[in-house]
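As a plain string of letters, each chain reads:
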Amino acid sequence: MFTWKGFCAVTILATACIARPTSSAVFEKLDSVPAGWVKDDSTKLDKDSTSITLKIHLMNKDMGKFHELAMNIATPGHAEYGNHLDHETVLAMVAPKQESVDLVTSWLESKISSSKAKIAVQGDYVTVDASVRSVEKLLDAEYSIFLHSETNERALRTLEYSLPATLNGHVDMVQPTTFFGLQRLRSTIKEHHELDDDEMGIDAVQAVPGCSGTRITPTCLANLYNFASAKNQTTGLLGVAGFLEEYAIKADFTTFLNSYAYFSNKARSFTCTTVNSGTCPSSPAGIEANLDVQYAGSIASTVPMTYYSTAGRGQWLGSGTNTNEPYLEFLTYMLALPADSLPNTLSISYGDDEATVPLSYATNACNLFSQLGARGVSILVSSGDSGVGDACTVNGKKSFTTAFPAACPWVTTIGGTTGNSPESAWSSGGGGFSEIFGRPSYQNDTVNTWLATDTTHAGVAQYFNASGRAYPDISAQATNFVIVTSGSARSVSGTSCSAPTTGGIFQLLNSGRIAAGKKGLGFLNPWLYGTAASGFTDIKAGKIGGCAG
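Please read these numbers as outputs of a predicted model, since none were measured by experiment. (Residues numbered from 1 in each chain as written. Predicted model: local features only at pLDDT ≥ 70, side-chain atom pairs only at ≥ 80, totals over all residues. Heavy atoms only, no water.)

## Side note on the UniProt feature "active site" (unreviewed entry) in the chain
- The residues that UniProt annotates with the feature "active site" (unreviewed entry) are Glu288, Asp292 and Ser496. Spanning 209 residues, the named residues nonetheless gather at one spot, since no C-alpha pair among them exceeds 7.5 Å.
- Structurally, the position occupied by Glu288 is in helix H8 (residues 287-299).
- Relative accessible area serves as the criterion here: at 0%, Glu288 is assigned to the buried category.
- Looking at the secondary structure, you find Asp292 in helix H8.
- By relative accessible area, Asp292 is classed as buried at 0%.
- In this view, Asp292 contacts Val240, Ala241, Gly297, Ser349, Tyr350, Ser496 and Pro500; residues no more than four positions away in its chain are not counted. (UniProt positions renumbered as here; feature names shortened; annotations may be inferred. Helix = DSSP H or I, 4+ residues; strand = E, 2+ residues; numbered from the N terminus. Buried < 20%, exposed > 50% of the residue type's maximum accessible area, 1.4 Å probe, protein only. Contact = heavy atoms within 4.5 Å.)

Structural data, given as structure tokens:
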């Protein structure tokens with residue numbers, strides 16, 4: 001049982017009474033440290049001199065009504081189809097209640113001295129800049145430094161935190177707390193010239209003009225996917241998301257276009273825009289970043305392209321410095337862009353296991369994706385490169401491993417294929433059924449048909465949530481893409497190849513519509529599962545693996 005003290009602020013004009021709790025309850029808790037992370041007791045943490053920028057998300061009102069409108073806007077044949085919203089309209093629909101703002105700011109002011117913290121309210125977020133010690137007292141939490149066993153990155157996190165019960169229904173997320181960050185989705189990179197076709201270990205793509213052995217280039221893809229004769233487009237904007245200090249290099253982009261682009265006008269470049277204090281250096285070359293811009297950009301002919309270099313890893317850097325996890329920062333930035341600066345298509349090749357992402361974080365990020373789609377952005381996300389995962393258990397129960405944001409129902413998730421005799425599922429491509437997001441209505445018929453007719457899943461039905469959002473939505477080539485980094489050609493595989501490839505193709509469609517005086521496609525999935533289905537090849541060969549076979 002909780003007890004409260006009443007707090008009254010008396011002015012000449014009015015008296016306002018706000019309940020203040022004297023105790024709190026655990027709001028979010030991890031049962032164990034996420035896989036790959038261990039507590040680092042060897043690193044000293046000065047909790048008084050180290051600061052944290054805490055993001056408190058206020059619960060959006062009418063999100064259900066907004067989702068209904070967003071789905072109508074994306075559904076061909078509906079009266080609202082294509083009526084994309086501006087930022088102000090989106091904010092007005094989902095803005096938090098003023099009561100939520102008042103309760104949270106009153107709580108903060110009662111717990112943290114103004115001389116020891118900075119508190120700011122913007123939209124549906126309250127931001128608090130304070131010392132670790134102050135934040136620990138605020139959240140009844142204990143922060144520690146954790147070390148990632150593979151990357152040696154350090155993160156300042158807690159495994160649980162508490163909030164006053166009076167904030168239930170008003171706050172739905174506080175970070176950085178229990179979320180350890182998203183990682184890039186990319187397989188091992190090997191030098192292209194060191195490998196011959198036999199060493200690639202992939203079925204050859206030989207039946208398509210422009211495809212040499214197992215090597216994939218834009219010319220090969222243009223012939224394989226029938227866009228070699230597409231009209232050169234110049235309108236619209238293509239966006240590529242960049243994180244984790246992955247830098248796209250313009251000199252490498254130029255070399256790649258001169259060597260491998262399928263279209264004649266190769267004198268194009270791209271714009272690098274910084275987000276969350278990111279940077280755009282001329283080196284070092286990021287293999288992920290170069291892959292993304294080289295394929296998305298070369299396929300989209302001469303449509304302008306922006307690479308969004310977003311800083312932050314949610315990482316402990318030592319000496320009292322702790323950086324913020326950048327994903328929500330990026331999505332919030334994108335959502336606030338004016339219509340003429342918003343990309344029509346956005347390719348994202350970063351994610352992590354769904355089980356490592358707190359429900360509150362996943363829900364808020366997915367809601368932001370829905371808002372971007374309603375603003376007219378077609379969002380394409382890699383499905384992952386680990387099949388159904390390496391283990392057969394998640395959080396102690398039998399389960400395949402699923403990915404985020406691939407499992408969000410408001411993005412178009414791109415899986416991987418390989419070969420052309422026939423084109424088949426790439427065995428390492430990510431896929432599955434979300435454990436946290438229910439199946440959206442637009443894929444009901446497709447998934448129900450698969451569940452009723454497929455003969456391969458009966459023996460593993462206990463390992464996946466058949467009522468969850470199924471992914472990937474569509475797939476594209478994912479193996480042995482030739483890219484250029486630091487002036488040299490390399491070969492790379494992964495659904496990080498599939499997503500920018502598909503992003504470039506859909507930008508051609510978006511740009512064609514815009515040039516014809518129409519609106520861009522926006523959120524794609526209701527259209528993809530409906531009238532657009534006949535435009536795709538059904539991949540019936542191959543399978544994804546994992547989970548010890």
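## Some thoughts on the packing of aromatic side chains
- Under the defined criterion, the tally for this structure stands at 23 aromatic pairs.
- Centroid distance Phe243 to Phe330: 5.3 Å. Interplanar angle 80°. Geometry classified as edge-to-face. Placement of Phe243 in the loop between strand E14 (238-242) and helix H7 (250-260) and of Phe330 in helix H9 (residues 327-335) is noted, with a sequence separation of 87 residues between them.
- Taken together, a centroid distance of 4.8 Å and an interplanar angle of 55° make the contact between Tyr295 and Phe481 tilted. Of this pair, Tyr295 sits in helix H8 while Phe481 sits in strand E30 (residues 481-485), placing them 186 residues apart in sequence.
- Through successive ring pairs, a cluster of aromatic residues spans Phe243, Tyr308, Tyr327, Phe330, Tyr333, Tyr350 and Phe369.
- Sitting above the plane of the Phe270 ring, Lys250 keeps its charged end 5.8 Å from the centroid. (Phe/Tyr/Trp six-rings, centres within 6.5 Å; stacked < 30°, edge-to-face > 60°. Lys NZ or Arg CZ within 6 Å of the ring centre and 35° of its normal.)

## Remarks on the state of the cysteines
- Enumeration according to the criterion identifies 3 disulfides in this entry.
- A sulfur-sulfur distance of 2.2 Å marks the disulfide that ties Cys392 to Cys547. One end of the pair, Cys392, is in the loop between strand E21 (378-382) and strand E22 (393-394); the other, Cys547, is in the segment after helix H13 (525-528), with 155 residues separating them in the sequence.
- Exposure remark for Cys392: the relative accessible area of 22% places this residue in the partly exposed category.
- Exposure remark for Cys547: the relative accessible area of 7% places this residue in the buried category. (Disulfide = S-S within 2.5 Å.)

## Side note on helix H10 (residues 359-374)
- The terminal C-alpha atoms of H10 lie 23 Å apart, and with 16 residues this matches the ideal 22 Å at 1.5 Å per residue to within 8%.
- The buried fraction of H10 amounts to 14 of the 16 residues, a majority that puts the element mostly inside the structure.
- Looking at the residues trailing H10, positive phi occurs at Gly376, about 110°. (Expected span 1.5 Å × (residues − 1).)

## A short note on the sheet that holds strand E5 (residues 51-58)
- Taken in spatial order, the 4 strands make up an open sheet running E6-E7-E5-E11, and their pairing is antiparallel. The sheet is open, and its two edges are formed by strand E6 (117-122) and strand E11 (171-175), each paired on a single side. Strand-to-strand twist of the sheet, defined as the mean angle between neighbouring strand axes without regard to direction, takes the value 15°.
- Seen against the sheet, helix H3 (residues 98-111) touches E5, E6, strand E7 (125-131) and E11 and runs at an angle of roughly 155° to E5.
- On the sheet, H10 packs against E5 and E11 and is oriented at approximately 105° with respect to E11. (Pairing = 2+ DSSP bridges. Axes fitted to C-alpha atoms, helices over the stretch in contact; angles between N-to-C directions.)

## What about the pattern of salt bridges?
- Applying the stated criterion across every chain, the model contains 7 salt bridges.
- Here Glu136 ties to Lys47 by a salt bridge, and the two come within 2.7 Å at their closest N and O atoms. You can see Glu136 sitting in helix H4 (residues 132-139) and its partner Lys47 sitting in the loop between strand E4 (37-39) and E5, a full 89 residues away along the chain. Each member of the pair, Glu136 as well as Lys47, carries the same accessibility label: buried.
- Glu435 is paired through a salt bridge with Lys397; the nearest N and O atoms lie 3.4 Å apart. Taken together, the residues Glu435 in strand E27 (residues 432-438) and Lys397 in strand E23 (residues 397-398) connect sequence positions 38 residues apart. (Salt bridge = Lys/Arg side-chain N within 4 Å of Asp/Glu carboxyl O.)

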